[in-house]
Structures are given as C-alpha cells and as structure tokens.
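# Working through the structure, step by step
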Amino acid sequence: MSLGIRTLIPLFAIVLYATLFAIVILSKPQTREKIAFRFYLIIMFLWSVTALFVVIGAENQTTWFRLMTASVITVPIGVFYFVQVTLSKPRKWAFWVYMVLTLSIPVTIFTPWVVKWASVDASGIQYEFNSIGIGLVAVTAYVVYAFSMTDLLKAFRQSDDPTQRARLQYLMLGLAIIVLASLINWTPLGKYPIDIAGNVLAALVLAYAVLKHKLLDIDVVIRKSLIYFIPTTIIGATYFFFISIVIRVFANFKGAEILFTSMLVAILSAIIVQPIRDRAQAWVDKIFFREKYDSNLMLQRVSRSAASFLEINMLANMILDELMSTLHIEKAAFFLKENPDQDYRLITHRNLGSNTNIRLKPDHPLIMRLNLSNQVITRRDIRLLPDVFLSDNPENDILKGINAELYIPLKVQGNLIGILTVGEKKSEQPYSQDDQETVIALANQTAIAIENARLYKVEQTRRKEMDSLYTLSSELVATDDIHTVLDRVVEHVLESIHVTFARILIRDDEWSYTCRAIQPVAGLDYDLRLGEKDPSILYPYYEKVLDSKSPVVLEAHKSNLTPEESNALYLEHVHSLCICPLRIGETPIGILVLGERRHANREPFDVDKLRLAASIADQASSAIQRARLHDQLEESFFQTVIALANAIDARDSYTSDHSKRLIILATCTARKLGCSPDEIKAINWAMRLHDIGKIGIPDEILRKPGKLTDEEWMQIKKHPEIGANILAPVKRLQNVAPIVRAHHERYDGNGYPAHLKGDAIPLGARILAIADSYGAITDERVYRKARTHEEAIEEIKRCTGSQFDPLVTEAFLEVVDLYYQGKLDVQMDDTSTQGL
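Residues numbered from 1 in each chain as written. Predicted model: local features only at pLDDT ≥ 70, side-chain atom pairs only at ≥ 80, totals over all residues. Heavy atoms only, no water.

A cluster of nonpolar residues, Trp-93, Phe-95, Trp-96, Met-99, Leu-103, Val-139, Val-143 and Phe-147, forms a patch on the protein surface that exposes about 770 Å² of accessible area. Residue assignment for the nonpolar patch shows that the elements contributing at least two residues are helix 4 (94-110) and helix 5 (131-158). Inspection of the secondary structure puts Trp-93 in the loop between helix 3 (61-87) and helix 4. Overall, the relative accessible area of 32% leaves Trp-93 in the partly exposed class. (Patch = residues over 30% accessible without salt bridge, like charges linked within 9 Å, V, L, I, M, F, W, Y side chains within 5 Å. Areas by Shrake-Rupley, 256 points an atom, 1.4 Å probe, with all protein chains shown as cover. Salt bridge = Lys/Arg side-chain N within 4 Å of Asp/Glu carboxyl O. Helix = DSSP H or I, 4+ residues; strand = E, 2+ residues; numbered from the N terminus. Buried < 20%, exposed > 50% of the residue type's maximum accessible area, 1.4 Å probe, protein only.)

In this section: the pattern of salt bridges. Under the criterion given, the structure shown has 16 salt bridges. Between Glu-128 and Lys-116 there is a salt bridge, with the nearest N and O atoms lying 3.5 Å from each other. Highlighted residues: Glu-128 in strand 2 (residues 124-129) and Lys-116 in strand 1 (residues 115-121), separated in sequence by 12 residues. You can call Glu-128 partly exposed: its relative accessible area is 31%. For Lys-116, a relative accessible area of 40% translates into the label partly exposed.

Residues Phe-37, Tyr-40, Val-75, Val-79, Leu-152 and Ile-178 are the most contacted members of the largest nonpolar core, which totals 63 residues. If one sorts the elements of this core by residue count, helix 3 sits on top with 12 residues. For Val-75, the residues in contact, after removing those within four places along its chain, are Tyr-40, Ile-43, Met-44, Trp-47, Tyr-145 and Ile-178. Within the second largest apolar cluster, 47 residues are counted, among which are Ala-645, Cys-675, Leu-689 and Phe-804. (Core = buried A, V, L, I, M, F, W, Y, C linked by side-chain atoms within 4.5 Å. Contact = heavy atoms within 4.5 Å.)

A separate point is the sheet that holds strand 3 (residues 332-336). Strand pairing in a sheet is mediated by backbone hydrogen bonds. Such pairs are either parallel or antiparallel. Spatially, the six strands line up as an open sheet ordered 5-4-3-8-7-6, and their pairing is antiparallel. Where the open sheet ends on each side, the last strands, each with one partner, are strand 5 (359-360) and strand 6 (377-378). Here strand 7 (residues 406-412) pairs with strand 8 (residues 415-422) via seven bridges, running antiparallel. Residue pairing in the sheet places Tyr-407 in a bridge with Thr-421 of strand 8. Relative to strand 4 (residues 344-350), helix 11 (residues 312-327) is tilted by about 45 degrees, and along the sheet it contacts strand 3, strand 4 and strand 8. Strands strand 4, strand 5, strand 6, strand 7 and strand 8 of the sheet are contacted by helix 12 (residues 365-372), whose axis makes an angle of about 55 degrees with strand 7. (Pairing = 2+ DSSP bridges. Axes fitted to C-alpha atoms, helices over the stretch in contact; angles between N-to-C directions.)

What follows is about the sheet that holds strand 10 (residues 513-520). Taken in spatial order, the five strands make up an open sheet running 10-9-13-12-11, and their pairing is antiparallel. A single partner strand is all that each edge strand has here, and the edge strands are strand 10 and strand 11 (552-555). Pairs of neighbouring strands in the sheet enclose a mean axial angle of 20 degrees, with direction left out of account. Most of the contacts of helix 19 (residues 539-548) go to strand 12 (residues 576-584), to which it runs at about 65 degrees, and overall it touches strand 9 (501-507), strand 10, strand 11, strand 12 and strand 13 (587-596).

Next up on the list: helix 11. Spanning 16 residues, helix 11 covers 22 Å between terminal C-alpha atoms, matching the ideal 22 Å at 1.5 Å per step. Of the residues making up helix 11, those classed as buried are Ile-312, Leu-315, Ala-316, Met-318, Ile-319, Leu-320, Glu-322, Leu-323, Met-324, Thr-326 and Leu-327. Directly beyond the C-terminal end of helix 11, a positive phi value near 55 degrees is found at His-328. (Expected span 1.5 Å × (residues − 1).)

Here we take up the packing of aromatic side chains. Across all of its chains, the model carries 16 aromatic pairs by this definition. Note on Phe-65 and Phe-129: the rings are 6.1 Å apart at their centroids and 45 degrees apart in plane angle, and the pair reads as tilted. Within this pair, whereas Phe-65 is found in helix 3, its partner Phe-129 is found in strand 2, the two being separated by 64 residues in sequence. Owing to a relative accessible area of 4%, Phe-65 belongs among the buried residues under this scheme. Overall, the relative accessible area of 24% leaves Phe-129 in the partly exposed class. Across from the ring centre of Trp-685, 5.2 Å away, lies the NZ or CZ of Arg-688, which sits over that ring. (Phe/Tyr/Trp six-rings, centres within 6.5 Å; stacked < 30°, edge-to-face > 60°. Lys NZ or Arg CZ within 6 Å of the ring centre and 35° of its normal.)

Position of Asp-805 relative to the elements: it lies in the loop between helix 29 (789-799) and helix 30 (806-821). The exposure class of Asp-805 is buried, given its relative accessible area of 6%. Among the polar contacts listed, one links the side chain of Asp-805 to the side chain of Arg-766, at a separation of 2.6 Å. Of note is the side chain of Asp-805, whose polar atom sits 3.1 Å from the backbone nitrogen of Leu-807. Among residues more than four places away in sequence, those in contact with Asp-805 are Tyr-747 and Arg-766. (Polar contact = N/O pair within 3.5 Å; in protein donor to acceptor, adjacent residues only side chain to side chain.)

At a minimum axis separation of 9 Å, helix 3 and helix 5 run at an interaxial angle of 20 degrees. Overall, the two elements helix 3 and helix 5 adopt an arrangement that is roughly parallel. Crossing hand, helix 3 versus helix 5: left-handed. Between helix 3 and helix 5, the contacting residues are Ile-73, Val-75, Pro-76, Val-79, Phe-80, Val-83, Gln-84 and Leu-87 on the first element and Val-137, Ala-141, Val-144, Tyr-145, Ser-148, Asp-151, Leu-152 and Ala-155 on the second. Tallied by class, residues from the contact of helix 3 with helix 5 come to 13 nonpolar, two polar and one charged. (Parallel < 35°, antiparallel > 145°, perpendicular 65-115°, else oblique. Left-handed = near helix turned anticlockwise from the far one by under 90°. Nonpolar A, V, L, I, M, F, W, Y, C, P; charged D, E, K, R; others polar.)

A few words on the pairing of strand 10. Bridge count for strand 9 against strand 10 is seven bridges, and the pairing is antiparallel. Among the inter-strand pairings, Arg-507 is bridged to a residue of strand 10, identified as Tyr-513. Linking strand 9 back to strand 10 in an antiparallel pair, the connection comprises five residues, with Trp-511 at a positive phi of about 70 degrees.

A separate point is the side chain of Glu-543. Secondary-structure assignment places Glu-543 in helix 19. Taking the relative accessible area as the measure of exposure, Glu-543 reaches 16% and is therefore buried.

Attention shifts here to helix 3. One turn of the α-helix equals 3.6 residues, which is why residues spaced by three or four share an orientation. Between the first and last C-alpha of helix 3 there are 40 Å, a value that for 27 residues agrees with the 39 Å anticipated at 1.5 Å per step. Among the 27 residues in helix 3, 20 count as buried, and that is most of the element. Backbone geometry just after helix 3 places Ser-88 at a positive phi near 55 degrees.

Next up on the list: the environment of Ser-536. Residue position: Ser-536 is located in the loop between strand 10 and helix 19. Residue classification places Ser-536 among the exposed residues on the basis of a relative accessible area of 52%. As a C-alpha pair, Ser-536 and Ala-568 span 32 residues in sequence and 9.7 Å in three-dimensional space.

Moving on, we get to the environment of Ile-9. With respect to the element layout, Ile-9 can be found in helix 1 (residues 5-26). Separated by 184 residues in sequence, Ile-9 and Pro-193 have C-alpha atoms that sit 6.9 Å apart. Not counting the four nearest positions on each side in its chain, Ile-9 is found in contact with Pro-193, Ile-196 and Ala-197.

For the rest of this paragraph, the subject is unusual backbone geometry. Look at the link from Tyr-752 to Pro-753: it is a cis peptide, with omega at 10 degrees. Within the fold, Pro-753 resides in the loop between helix 27 (737-742) and helix 28 (763-778). Look at Lys-549: it is not a glycine, yet its phi comes out positive at around 60 degrees. In this fold, Lys-549 is placed in the loop between helix 19 and strand 11. Since its relative accessible area comes to 47%, Lys-549 is described here as partly exposed.

Shape is all these values report; function is a separate question.
Following this line, the structure appears as structure tokens:
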C-alpha cells in the first residue's frame, strides 16, 4: 500500500472520528444530543474504513465499494436522527425514513441494483451505478437532507436565544458541507476522496456546536477568513505578476541579483497591497455585517452630534430618529428623571399613541430592576416580574401599552437617570446579541449626553467633578496597594469637592479608628493626626455614622457636640464637616471625613457634593476591600510558596539544609558588590527558594544515585522556570523570580533555560549561581561524596570566566575566606523577610 492523498485522507478521517467519539463519550453530561452525535460518528467512521479498503485496492473490490456506498446511504439516517434529537421535535413519519433507508442498505451490499461493479487501478477508482437504484437512494437521501435543513432553519428563525441561534447556525453549516461534499461524487472529481475530507470538516463543525457552551459568531468566523484570504490572494498574485515581469525584463540576472530583486519586489508588493487589504476589510464588513456596519456608523454619528445638543428633548429626538432608521423599529420612547426625587417621565416617543402623560415611580418593579442591573431587560425578563403584570397598578397598564421588546437603562455613576424602550423590529426578527450591544452602547452615549446637557443648564463645574470621579474609578481599579488607594482617594476628594482637608480612618478589630491617609490644602497649620488613633470619645459617633449608611453633615454652630468632641473633630478650625461611611454591605471599613472652613451663601455640602462624596466613598470602600482581599490572597499564596520550599527541603535528602547554609555567603557577597537593601533581600529570598521548582521533578530523578539520562536531564533543567513561575504571581517575590529563573545560566552563555550571557544575567542570579555551586560541591549527594572546601575553591577558580562572573567570583572568595576564618560580619537583619 502506497501512501498518497487518496490513502491519507481516509486514514486521517478514521483517527479523527475515533478521537471525536472518545471526546464525546468522556464529556459530561451525556445528553441525548451527544448520544445521537456518537451514532453519527460511528457511521462516518465506517464510511472512512470502507473507503480506505477501496482506495488501497483490497480483494473483492466490488464488495468493499458496495459497503462504502451503504455507509454513505447510512449518513442521512444519522443526520436526520441527530437533527430530530437536537430540536426535540421528531416528525411523525420519521419511522418510515429510517425504514426506507435501512432497507436500502442490504440491497446495496448484496445486489447489483445500486452498484453494478467497482475496481481500482492506477488511474483511480472505476465503478458503475445502476441508474434507477442509485437515483432512488440519492433522491431519498437528499429529501431527508432537505427536511433536516428546513427544520434547523425554522428553529433558527423561531429562537430568540443568541446562543441557541449560533449553535443552529453551526449545525446548518455542517449539514451544508455534508451535502456539498456528497454532490462532488456526481462529478469527475468523485474518484478522489474529496467527500471524505468535506465530511471531516463537517464533523469538526458539528462537534464544536455540540460540545462548546459559548460559540464564536459564525459571521465573525467568515469575516475573519475572508479578511485574510482576500489580501493573501491579492498579494500572492501581485508578487508573482511582478516577478514574471522582472524575469522577462532582466533575463540575464543570476544568483544574488535574482534573490535581491525578489526581496525588493516582495516588499513593494506588500506596501502596494496594504491599502487594498483595508478596502477589502471594509467591503467584507459591508457585505457580511450590513446591519452592524450601519449601527457602527449610527454610533459614530450620535457620538459626533450629541455634544452639540444642549437641550435634552432635541437630543432625545435625534437619538430616536437614528435608532429607528438604523434598526428599523416600530416604536420607541424615552423616559427621564430630571431630579433625584422625581418620577421617570416620558419626554419623547415614536408611535406610542396620543397618551404622552406617562410616568413611572422610582419604586416601580421595572425601575428597581433596572437600578440593580446594567444590562438590557427583555420582554421575556419582564414576565419574571409578577408585580408588573399581575397587579392592578395603573402604571402596569401603561407599561403593557408601551409593549416594548427591550428596556435599556440609562445610567450615570450607577444612578438610573432614564430608560430607553424599543418595540419590535419591522422585520419581526428578534433582537440579536449585536443589536443589544448596539442599544447598550447607544444608551451609554445617550446617558452621558443627557447628563452633560443637564449639567450645562444647572452647573458648569459638575462635568469636571464627574470626570474626576471617573478618573478615580480607573485609578483605583488599576492598583491593589491599599496605601495607594487611600492616598488617591483623599487627593481626589480635595480636587473634586474642593474641601479644606480630607481624612480616611480605618476601623480595626478593637473598634478603634486610626487615621491612614490625609490630604490638607496648602498652608494648613494644624495636625491631622496621620497614623494616630482618633480620641475614643468619637467612636460611638463614628459607629452611628456607619449604621446610617449615608453621609452626615455637621456644622460648627449647629452641632450638639461637647467641646472635647468638637475639638477632636476639628470643628474649631472648620465651618462644616461631612462624615461618609466606608462599608461593603454590612461590613464596616471606616469613615471618610471632609472638612470645609469656608463660609458660603449656600450649604458647603449641598446635594451635588454629598452625592459625589457618597460615590467616592463607595468606590473607596470597594477599592479598600479589594486591596485587603488581594493582600490576604497574596499572603496565602506567599505562605503556600514557603510551604512548598519546606516540602522541597523535606523530600530531598541533600537539600534539607542546602538553602540555609548558603544564604549567609550569598548575602555577604551581594553586600560586598554594593547591592541595595532591596536587592539583598531579593537575593536572600532567592537563596531560600531557588530550588522550589524541584517540586515538579519526580523523586526518582532527584534521588537517583547514578548518571541521569538525557530525558531526566531535560526534566531537571525545567526546575528554574517552574520555580520562577511559582514565585512570579506573588507581588513581594516578583523581583525574586528573575533570579530564580536565571540561577543556572552560565557567564559564557551555555547555561539554561534562556542561554543568557554576561551582564544579561541578573546580578542576583550570578551571585546565587556561584553560592549554589559551592554548596553543591561541598554537599553530600546520593551519586557522589562531598568534596573539601579547598577542592570547591579550586573548581570555582577553574570555572571563572566560563561559568562564573569574574567580579562575583573575586567577591565570593573573599567572603568565603573571611567566613572560614570566623571574621565575617553577618548582619542578617536587613536581609530578613522585613519589607517583603
């Protein structure tokens, strides 16, 4: 049997179907859909096996060809059964389909009524069908395929679940590939195993649809394929066109001249074709993503135009017009809350009728649900709110009259300022995931535009305050360091709310409050007690503020506090004080204290400033809690790393005291080379943890008394990388990981794992390498006895310049000499775990 394309394709198909069958069996849970797909895979496996025997020219070629044809006839049975099970809607006449196709199988195998004869020669497979028999079988099969495709298409159109629609798209694609591949058998190309290759592709598509929970959008897959296919084809054609011209014009070019010319032409071709690629991408977007393409243009238009509208009604009308013309919607409406305590009022609409006096109260179930979520609420979600449709509230009757398909929240700072409702599409198609993302993006833009218009009318400075709040949010998300979080919060409070000072007090387990961050204005002449505990007489008051869960304002001339309490709260220095609780749910964290010494005609802490202060406090609470959890997680991971290092010492007889004995030498060498305290700490920890990667090396290799095999050496060489990967996630050990990764690099570049050379090797790793080698030479190993100190020194000198850095060697030898003379000043305190 010779291996060629005709043989390799069936072989590959056999292996693939067997692999997919095993994957499906092992996948959990075992659904009826997966069982049906297993039956389909068995059929395709048998087809591939019989096809292989046909192409290799096995004996009784006609019999094998008939068996292959029978397998082909079985495919519609598997497809039809799989589709019926997937859709859970079996057709009443399915039994007769199975019966007819099943009876045709023995007819095909044992009679010449379908296949008269078949043979294989050098030119390929030769065969002859009985035109009537094969015609009847083929018509039946394609009718079954047609019904299966029709069922899938109906289910796709009826479904409004984006995930189910995507799954059905993939199933239709797989079925289409099966049909197209089978049609090739009726052409001269039928003698090649193109149909088997097509079925392999179909099986992969179907397996993806069956096994994956989240599917890629099939439109995206096609778009990406075309975006790469079209430019590649153009570039290739252009390149060969230019090359052919150059060869004709410069026929006498040879050798290097031809190579240089080819490279030049390739570069020019790529430069020339790049604009063509951009145009091809735009063309593909317009064809395959017409609606999304239009939606993106709409979002761009709205983004450009919204800033020019300072009147809210004009802005809302412009957005409704854009939305309805782009997505072809029957009706739409805008509800807006103009002030914090007011209802949500209908301000503009399209096709809702004459009743425009529609209001929704803040405690309405729909409003409350939208307040809690940033996502679109669909008509189907509304059915899960019984208070909306089961009560006699007149507001609910109004909501039924709106008859919206989607309710999109308009939010600013997490506050629901309005609602955008959209009705059915004119095409009666459900809203896709792309449609929902479009209206969410539009809603986000709209909310910002409406808020900006309102702020322009009410207070110009409000925009700057909001920007500050957004900036704070992004900065707090970007860090997990609690000190940075606290400092950024008080800085932002001073910048955005314009107070005299800001303080953050953290509540500890003893119910005392310690000042952890302050930010005074320039020139403040009194101490804000940073790092100190506040007087205990204030603690009961702080607890009341935490219980209130909202900011509390105190004014110097109106408070009922004692002189001691007023003095402790700085009310003798400021006119007003705003105390904001910091808490996550029911868990108290501390308080944010804002002091304002300036007098004003209006309240120093008005509604806007209180709302902004409360928002900052909420963000600060979340950031502090996140930083605490991060610290706890890092500490847990750090302790795990230490436990792993101890486990290494416990499992490895020759490393049980390996790290501890070398820390002093490495630390003193680092100090002698002028390393900073932080660098010395990193080297100290690297000496303790450099063999932690051996946790991933089997004991039989670590304890092997004889020579290691090449494969075992490869395992050993992995431990620096394994160790570095273990340490890297720990923030306190991030500067230790590079040292551990490189501690087996050699000065001449012949080490591992990265073959670093010279100064490219971190200094800490060069120090660790020589200290580790000294320990390895003088240690007792399972495969050899320990060598003397003098022998170790000679070996280190011999390897200086090749394995070791000469400067590090010089410093290390001086340290070792002093150590053995008892004259070494150890001073280990500054290299301990402090600061890590």
